[in-house]
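# Structure at a glance
Listed below, chain by chain, are the residues.
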Amino acid sequence: MSKKNVLYVKNLNKIYSKNSSKSIHALSNLNLEVKENEIFGLLGPNGAGKSTFINILSGLVNKTSGEVNVWGFDLDKNPRQVKASLGIVPQEVNLDPFFNPKKLLELHAGFYGVKKNERITETILKLVSLENQAGSYSRNLSGGMKRRLLIAKALVHQPPIVILDEPTAGVDVELRKNLWENLKLLNEQGVTIILTTHYIHEAEQMCDQIGILNKGQLVALDTTKNLLDKIQRKTVRFVLNSKVNIKDNSLNSLKIISSNSNELVVSYEKNKLEIEKIISFLGSQNVKINDITTDDGDLEDVFIKLTKN
Ligand code: ADP
Ligand code: MG
């Protein structure tokens, strides 16, 4: 059984225009869908349009055109239901320093109109491992605890979809792992998670599905596994003067794609083998290399192009 879409956008556009001479096309004809209970990562460098996307979903930014559907509700027709279906965790930590976590969650539940007897404050505090800090002033919480409290805040109305904008930007490694664990736990409880990040590694660790955004355009959209396969395997073609005696795994991770009297095409894993090793292997077999071409249309190049500038 295929999982249902819980969120999709069609031909979504956002143009910011302060004055007529200078407008920024922050999202260009964006199409993507997120399936139930998946962890979806929107990856891209600064300025790619990630926050614009999230802010449209959360109602902070008005889209220029296109369709947004969340949990079966159209953003234009049912904005309140869309809002109720989402828990948004902003990038910036903005907590009132004089409230304790328990009080803050109760207040926030009030904002969302959650009745007292329907609140799950204790459960949420446990989920983000803050049950022991329930009564401490926010200002006394560590950075990590504050981040977790922001996640807790997004959960008070039990939304089926939680969206986090760069949850780990500027967060140290230890805390990052802890956040990932908390998010995985939430996901195991059935919550669909959408996060943005500019760390490739984070997307790899966390996400089932990844969309890569660059300058407002989706340049890749696939399962993490497929994207990683593309990243790690590199293909290279040698033009040779004779057929060479080479087999799969003659060198670590090497795979022969084709081999004949004047051409050898192989693939290998970048982190296990270097092209220099293949070249010296060919040299040791007394074949002459007349030309080398590498497949540079792979995702790594996309990433590099994205993360440069
Ligand atoms: P990201 O979150 O991926 O870093 P943003 O969505 O914040 O990207 O920004 C995308 C583009 O839109 C950038 O060029 C940014 O300068 C521009 N932008 C974002 N917010 C505004 C705004 N309120 N007014 C004008 N331009 C904006
Ligand atoms: Mg951003």
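Within each chain, residue numbers correspond to sequence positions counted from 1 in written order. All chains are assigned letters beginning with A, and all ligands numbers beginning with 1, in the order in which they are written. At least 70 in pLDDT is required for a residue's local features to be given in this predicted model, at least 80 for side-chain atom pairs to be given and counted, and no such filter applies to totals for whole chains, interfaces and linings, which use all residues. The side-chain figures draw on all heavy atoms in the structure; neither hydrogens nor water molecules are used.

## Quick notes on the overall build of the protein chain
Only DSSP runs of H or I with at least four residues qualify as helices, and only runs of E with at least two residues qualify as strands; both kinds are numbered from the N terminus onward. Regarding its fold elements, the protein chain presents 10 helices and 14 strands. Seen through its principal axes, the protein chain has C-alpha atoms that stretch 80 × 50 × 45 Å. Relative to its full complement of 309 residues, the protein chain shows a buried share of 46%. The contact rule is simple, with two residues in contact once any of their heavy atoms fall within 4.5 Å. Taking the intrachain contacts of the protein chain between residues at least 6 apart in sequence as the baseline, contacts between residues at least 24 apart amount to 67%. A total of about 16,200 Å² of accessible surface is found on the protein chain, and carbon and sulfur atoms cover 48% of it. The distance from the centre of the 41 positive side-chain charges to the centre of the 34 negative ones in the protein chain is 4 Å. Residue burial is assigned from relative accessible area. The probe radius is 1.4 Å, only protein chains are included, and a residue is buried under 20% of its type maximum, exposed over 50%, and partly exposed in between. To measure how exposed things are, a 1.4 Å probe is used in the Shrake-Rupley method; for residues, cover is taken only from the protein chains shown. Neither His nor the chain ends contribute to the count of charged residues, in which Lys and Arg are positive and Asp and Glu negative. To locate a charge, take atom NZ for lysine, CZ for arginine, CG for aspartate or CD for glutamate.

## Describing the domain arrangement of the protein chain
What marks off one domain from the next here is an automatic or database domain assignment. Taken as a whole, the protein chain is organised into domain 1 (5–228) and domain 2 (231–307). When each unit is reduced to the centre of its C-alpha atoms, the spacing between domain 1 and domain 2 is 41 Å.

## Describing unusual backbone geometry
Most peptide bonds take the trans form, and the phi angle of most residues other than glycine is negative. Phi angles above zero are rare outside glycine, and S253 is one such case at about 75°. You can see S253 is positioned in the loop between β11 (233–240) and β12 (255–259). What makes S253 buried here is its relative accessible area of 8%.

## Describing the site of ligand 1
Around ligand 1, the neighbouring residues are Y16, K18, I24, A26, P45, N46, G47, A48, G49, K50, S51 and T52. Between a nitrogen atom of ligand 1 and a side-chain N or O atom of Y16, the distance comes to 3.5 Å. With respect to ligand 1, the backbone of S51 contributes an N or O atom lying 2.8 Å from an oxygen atom. Within the complex, the protein chains bury 64% of what would otherwise be the 560 Å² of accessible surface of ligand 1. Elements represented by at least two residues in the shell around ligand 1 include exactly β1 (5–19), β2 (22–35) and α1 (50–58). The element best represented in the shell around ligand 1 is α1, accounting for three residues. Here a residue is considered near a molecule or strand provided that any single heavy atom belonging to it is located within 4 Å of it. A 3.5 Å cut-off defines polar contacts: any pair of N or O atoms within that distance qualifies, except that in protein one atom must be a possible hydrogen donor and the other a possible acceptor, and neighbouring residues in sequence count only when both atoms are side-chain atoms.

## Examining the sheet that holds strand β6 (residues 86–89)
The criterion for strand pairing is that DSSP finds at least two bridges linking the strands in question. Strand order in the open sheet formed by six strands is β6-β7-β8-β3-β9-β10, and the pairing between neighbours is mixed. Each edge of the open sheet is held by one strand with a lone partner, namely β6 and β10 (217–223). The sheet shows a mean angle of 15° between the axes of neighbouring strands, direction not considered. Here an axis means a line fitted to C-alpha atoms, over the contact stretch when the element is a helix, while the angle between two N-to-C directions is reported on a 0 to 180 degree scale. The strands touched by helix α6 (residues 173–188) within the sheet are β3 (39–43), β7 (161–165) and β8 (192–197), with β8 carrying the most contacts at an inclination of about 150°.

## Section: the sheet that holds strand β14 (residues 289–294)
The antiparallel open sheet is built from four strands, whose spatial order is β12-β13-β11-β14. Two strands close off the open sheet at either side, each with one partner strand: β12 and β14. The average angle at which neighbouring strand axes cross in this sheet is 20°, direction not considered. Where β11 lies against β14, five bridges are found, and the strand directions are antiparallel. In the sheet register, F238 faces β14, and the bridge partner there is I292.

## A look at the packing of aromatic side chains
A ring pair, where both rings are aromatic, is described by two values, the distance of the centres and the angle of the planes. Only centres within 6.5 Å qualify two rings of Phe, Tyr or Trp (six-membered ring in Trp) as a pair; their planes then separate them into stacked at under 30 degrees, edge-to-face at over 60, and tilted for everything else. According to the stated counting rule, one finds zero aromatic pairs in the structure shown. The criterion for a charge sitting over a ring is simple: Lys NZ or Arg CZ within 6 Å of the ring centre, and within 35 degrees of the ring normal. If you follow K4 out to its NZ or CZ, it ends over the ring of W71, 4.8 Å from the centre. One cation-aromatic arrangement involves R139 over Y137; the distance from NZ or CZ to the ring centre is 4.5 Å.

## So, the nonpolar core
We define a nonpolar core as any set of buried Ala, Val, Leu, Ile, Met, Phe, Trp, Tyr and Cys residues linked to one another through side-chain atoms lying within 4.5 Å. Core analysis: the biggest nonpolar cluster contains 38 residues, and L149, I151, L164, I193 and L195 have the highest contact counts within it. Each residue touching I151, except ones within four places of it in the same chain, is listed here: V89, V128, L164, L179 and L183. Counting residues in each nonpolar core, the second largest holds 25 residues, with L27, F53, I56 and I161 among its members.

## Considerations on the packing of helix α5 (residues 143–153) against α6
It is the contact of α5 with α6, at a shortest axis distance of 10 Å, that shows an interaxial angle of 25°. By the angle class used here, α5 and α6 are roughly parallel. The element α5 and its partner α6 pack so that their crossing is right-handed. Each of G143, G144, R147, R148 and I151 in α5 lies in contact with α6, whose residues at this interface are L175, N178, L179, N182 and L183. Each residue is assigned to one class: nonpolar for Ala, Val, Leu, Ile, Met, Phe, Trp, Tyr, Cys and Pro, charged for Asp, Glu, Lys and Arg, and polar for all the others, Gly among them. The residue makeup of the contact of α5 with α6, split by class, is four nonpolar, four polar and two charged. Each angle gets one of four labels, with under 35 degrees taken as roughly parallel, over 145 as roughly antiparallel, 65 to 115 as roughly perpendicular, and the rest as oblique. By convention, the crossing between two helices is left-handed when the near helix turns anticlockwise from the far helix through less than a right angle, and right-handed when the turn is clockwise.

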